[in-house]
Every structure is written in structure tokens, then in C-alpha cells.
Amino acid sequence: MTPEEKRSAFRTGFFDGLPIGLGYISVSFTFGMMAVEKGMPAWAAILISFTNLTSAGQFAGLDVIAASGSMIEMALVQLVINLRYALMSLSWSQRLHPEFNWVKRMIIAFADTDEVFAVSSARAAGGKKLRFIYMIGLMIMPIVGWTGGTVIGALASAILPDVVRSALGLAIYGMFIAIIVPPARDHRSVAVVVLAAVAVSCLFHFTPILNRLSSGFVIIICGVGASALGAWLFPLTEEAADTEIELNDEIKCAEEKKGDRCDC
Amino acid sequence: MTAEHLLIYTAVMAGVTYLIRVLPLVLFRNEIKSPFVKSFLYYIPYAVLGAMTIPAVFTATHSIISACVGLAVAVIMAWHRKGLLPVAVAACVAVFVTEWLMRVI
């Protein structure tokens, strides 16, 4: 690659990452706020966001810390909730340019989030290979947005009025709903898995004795149980594979629209 | 919650999360073949998010009524395929307005 090509690839990555980073601010803001409300110092919340770069895992981790859960529990919670990243990394490994040695792979692994994965996959559509310099550009704003949002949330928590904090308490759940509902609407299998997980989660929350189990383990049991049920009842078929393709096509379409040459 | 404890928790969280991300990238190059494992990994995020949302969402705000209104607004918006940010913002506004109405009435 010439220096110009490198600069251009970096710029492309940076601007692909910009909307992701902006979107992350609001969620990580809630994380910083919730962490401080649960009695955690601001520096710890910021350090967690900077080193973890993941939403669901961090929120669940917060519960484990607040309940003084064991380290084993913490490790298991992270493993179950973040297992999906393994699948994305696996997919990435098939799409990397040969220039990726193991050091470069170790660097980009850090920024393997749902959104970064989705955008980079769209860039790699049609068998194109991802370049390292593009990935570096792509990583910057998500990391800055996620960490920066936590800084603002952790520090602003003390000065925000009570009513605003109450309202913001729903932000993360609104986001989760936005992830779950559309595929559940389209695929009965996803709907069944979600409802099964919700039912088990309620069972553990409201049944005496069972409700003494910490929330981290409850999430593991619900996640593994409902997903195993789904995999057993509805093994991944063309239907599910199609969803992923549709998703990629949407991103590709949005990308092309930016360049004013969308024909889809 | 000592600083030392927090640092160990953070290290465990970050360590496990990073290992999940890095191991497949450095070690494996072959695609997963087992339909069960593929399906299991496909369903995991939905199951986990569902379990994390309900029933926790009902105690996320000052009153269960405002939480229910916020949840309903989020589900309706998500059903109509609004993005993550619009859904989250609308849910927050719904909670804010509901709690304001509850104080006024």
C-alpha cells in the first residue's frame, strides 16, 4: 500500500467508526451512572469500560461486584454473556488480509464488538479482505466513545436531578429491547428462546429459596438453558442464515447510499 | 469494596472477555461445523438480553408504573424497527413524562 492508500484506508475506517462511537456514548453514560450509584468509584467504572469495551457483560459484571460475588462467578458470567464474540472473531479470521500476523490479530481482537463486527463485515462483503490500517481507524471512535461516555456518566451522576436519573435507568433496557424484538418478530425460534429465558429469569426472581441465587448465575442458567433449548428445537437453518445475510445487505445498502450509488 | 478488590474484578472481566475475542482469531481458521453449537451461539445474545431485561426492568426506575410504560413504549418502537438510540431515548422520555404526570395528578 502506498502512503496515500494507507491514509485513505485509515480515514475510511475512522469515519465508519464515528457513528458507532457516538451511539456508544449514551449507553456507556448509563453504565458510568449506574456504577457510581451502586457505590463504585468513578475511576473503577472508567477503567472497566476502557478495558472491557462491551455492554451486556459490563452491566452484568456490575451486579456481580455490587453483590460481592466470587471471581469464579464473574468469570463465568463474562464467558457466557460474551461467548458470541468468539463467533465473530472466528468469522473475522476468515476475512483478514494475509498481512495480519498474530500481533495484529491480538490488537484488533480488543475491539471485537457487535457493531464494529457488523460494519467491518459489510466492508469485507464480496470476498474483499480487511486491511490492518482500516481496522485501526475503525477501532478509534468506538473506544473513545465508550470510555468517554462512562467518564461523563460517572462524573455527572452526582449533579443530575433524581427524576432524570430514574428515567435514564431505563435506557439500557430500551436498548436491549431494540436488539431482541425485531428478530423475535421475524423468527418464532428467537421469540421462543427469549420467552423461555424470561420465564426462567422470573422463576428465579420470584420463587423463595431460588431467589437467593445471585443474578450472575441466574443469567448463566437462563442464557445457556434457553439457547440450548433453541438449538435443540430449532437448529440453525437457512432461515437464520438468511437473517444474517439480510442484515449485511442492509448495512451494505446504507454504505452505498452514502456514496449516492444505491441500487438496492 | 476496596480498590484492590475492584482491580481484581476488573482484571477478571477484561481478561475473560479479551480471551474470548482473541483465541478464535489467533488459533482457529476453520469454520464451526456443528449445527448445535452454531445455533447455540446464535441464540445466546437474545436469551441473555431477555433474562437481563425481565424482571430487572421493573425496578429500574422509581415506580413500577413508569417502568411498565417505558417498557411498553420500547417494545412498540422496537416492533416497528426503530434503531437502538431512538428506542432507548423514547423509553427514557416515557418514564420521565409518566413520573411527572404521577406527581401532578
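Residues numbered from 1 in each chain as written. Chains lettered and ligands numbered in written order. Predicted model: local features only at pLDDT ≥ 70, side-chain atom pairs only at ≥ 80, totals over all residues.

Named according to an unreviewed UniProt entry, chain B is AzlD domain-containing protein originating from Pseudoramibacter porci.

Convention followed: UniProt positions are given in the numbering used here, feature names are shortened, and annotations may be inferred rather than shown by experiment.
As recorded in an unreviewed UniProt entry, chain A goes by AzlC family ABC transporter permease and comes from Pseudoramibacter porci. Taken directly from UniProt, the Sequence similarities (unreviewed entry) text for chain A runs: "Belongs to the AzlC family."

A word on the nonpolar core
The cut-off we apply is this: Each nonpolar core reported here comprises buried Ala, Val, Leu, Ile, Met, Phe, Trp, Tyr and Cys residues connected via C-beta atoms within 7 Å. Burial is judged by counting other C-beta atoms within 10 Å of a residue's own C-beta: 20 or more means buried, 12 or fewer means exposed, and anything between counts as partly exposed, with every C-beta placed from the backbone. Note on contacts: residues are paired as contacts if their backbone-placed C-beta atoms lie within 7 Å.
Within the largest apolar cluster, 117 residues are counted, with the highest numbers of intra-cluster contacts made by Ala47 and Ala91 of chain B. Among all residues touching Ala47 of chain B, those that are not within four sequence positions of it are Val193, Val194, Ala197, Cys222, Gly223, Ala226 and Ser227 of chain A.

Thoughts on the interface of chain A and chain B
Spelled out, the test is: The helix count covers DSSP runs of H or I at least four residues long, the strand count covers runs of E at least two residues long, and both are numbered beginning at the N terminus. Any residue that is not Ala, Val, Leu, Ile, Met, Phe, Trp, Tyr, Cys, Pro, Asp, Glu, Lys or Arg is counted as polar, Gly included; the first ten are nonpolar and the last four charged.
Contact with chain A, which involves 79 residues of that partner, is made by 62 residues of chain B. Among the elements that make up the side of chain A that touches chain B, the one with the highest residue count is helix α10 (residues 171-186) of chain A (13 residues). Taken together, the residues of the side of chain A that touches chain B sort by class into 55 nonpolar, 20 polar and four charged.

Points about helix α1 (residues 3-37) of chain A
Residue and element names in this part refer to chain A. Worth spelling out the cut-off: A helix is expected to span 1.5 Å for every residue after the first. What the bend at a residue measures is the angle between two axes, fitted to the seven residues ending there and to the seven starting there.
Helix length check: α1, at 35 residues, gives a terminal C-alpha distance of 48 Å against a target of 51 Å (1.5 Å per residue), a fit within 8%. Remark: the principal bend of α1, roughly 30 degrees, maps to Ile25. Once α1 ends, the next one or two residues include Gly39, with phi positive near 95 degrees.

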